[in-house]
Amino acid sequence: MAEFHRIITDTNTTLATSSQYTQYDANNRRVSNNVTISKIVLTAQRDVTVKIWLDHLTVTDGTKDYIIALYNQPKETSVVWDTPIKFDVSKYNLILTTSNMGSADGLYVTLYK
């Protein structure tokens, strides 16, 4: 299943959060809190700095956050991140942060779950 995002300004975009998934609990024991994102495709229309990271939901001082990728992507290029990202969605959100992009058509993101 693919999910699409169009990012037009510098921002934090949540790509995967607990509200998007059924979670394990006493009444629902057949699911797992582990989520696997199999591939992310990023297509830039402008120069952009991209950071893909896991944001810990309960520790807010940054000590439990994990940076997966941080790079500068030139305009009119695509980057394919095909290393699967697996994490516990009850503890982390998957976030994409863009900066130095300006405005107008910026970044198109396709997320494969």
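Above this note sits the structure.
Everything quoted here is computed from the prediction, not taken from an experiment.

As for the overall build of the chain
Looking only at helices and strands, one finds zero helices and 10 strands in the chain. When the elements of the chain are put in sequence order from the N terminus, they spell out β-β-β-β-β-β-β-β-β-β. When burial is assessed residue by residue, the chain has 35% of its 113 residues classed as buried. Nonlocal contacts in the chain, meaning residues at least 24 apart in sequence, comprise 78% of its contacts between residues at least 6 apart. As displayed, the chain offers around 6600 Å² of accessible surface, 48% of which is attributable to carbon and sulfur atoms.

Let's talk about the nonpolar core
The nonpolar side chains of a soluble globular protein tend to be buried, and buried together. Ranked by internal contacts, the top residues of the largest apolar core, which has 23 residues, are Ile37, Ile40, Phe87, Leu94, Leu96 and Leu107. Broken down by secondary-structure element, the contributors of at least two residues to this core are strand S2 (12-16), strand S3 (34-37), strand S4 (39-44), strand S5 (48-56), strand S8 (85-88), strand S9 (92-99) and strand S10 (107-112). Here this core takes four residues from S5, the largest share from any one element. Dropping the residues within four chain positions of it, leucine 107 is found in contact with His5, Arg6, Ile7, Leu42, Thr43, Ala44, Val48, Val50, Gln73, Leu96, Thr98 and Met101.

Remarks on the sheet that holds S4
Judged by pairing direction, the sheet is antiparallel, and its four strands sit side by side in the order S1-S10-S4-S7 without closing on themselves. Every other strand in the sheet has two partners, leaving strand S1 (2-7) and strand S7 (77-81) as the edge strands with one partner each. Strand-to-strand, the axes of this sheet are offset by a mean angle of 15 degrees, without reference to chain direction.

Let's talk about the sheet that holds S5
The strand order across the open sheet formed by four strands is S2-S9-S5-S6, and the pairing between neighbours is antiparallel. Since the sheet does not close on itself, it has two edges, and those belong to S2 and strand S6 (66-73), each with one partner. The sheet shows a mean angle of 20 degrees between the axes of neighbouring strands, taken without regard to direction. The pairing of S2 with S9 spans four bridges and is antiparallel. The residue of S9 that forms the bridge with asparagine 12 is threonine 97.

Here's the deal with the pairing of S9
Two faces make up the sheet, and in a regular strand the side chains alternate between them. Judged by how many residues are buried, S9 sits mostly within the fold: seven of eight residues are covered. In terms of strand pairing, S5 meets S9 through eight bridges, oriented antiparallel. Looking at the pairing, leucine 54 lines up with leucine 94 of S9.

The rules behind each value
- Residues numbered from 1 in each chain as written.
- Predicted model: local features only at pLDDT ≥ 70, side-chain atom pairs only at ≥ 80, totals over all residues.
- Heavy atoms only, no water.
- Helix = DSSP H or I, 4+ residues; strand = E, 2+ residues; numbered from the N terminus.
- Buried < 20%, exposed > 50% of the residue type's maximum accessible area, 1.4 Å probe, protein only.
- Contact = heavy atoms within 4.5 Å.
- Areas by Shrake-Rupley, 256 points an atom, 1.4 Å probe, with all protein chains shown as cover.
- Core = buried A, V, L, I, M, F, W, Y, C linked by side-chain atoms within 4.5 Å.
- Pairing = 2+ DSSP bridges.
- Axes fitted to C-alpha atoms, helices over the stretch in contact; angles between N-to-C directions.

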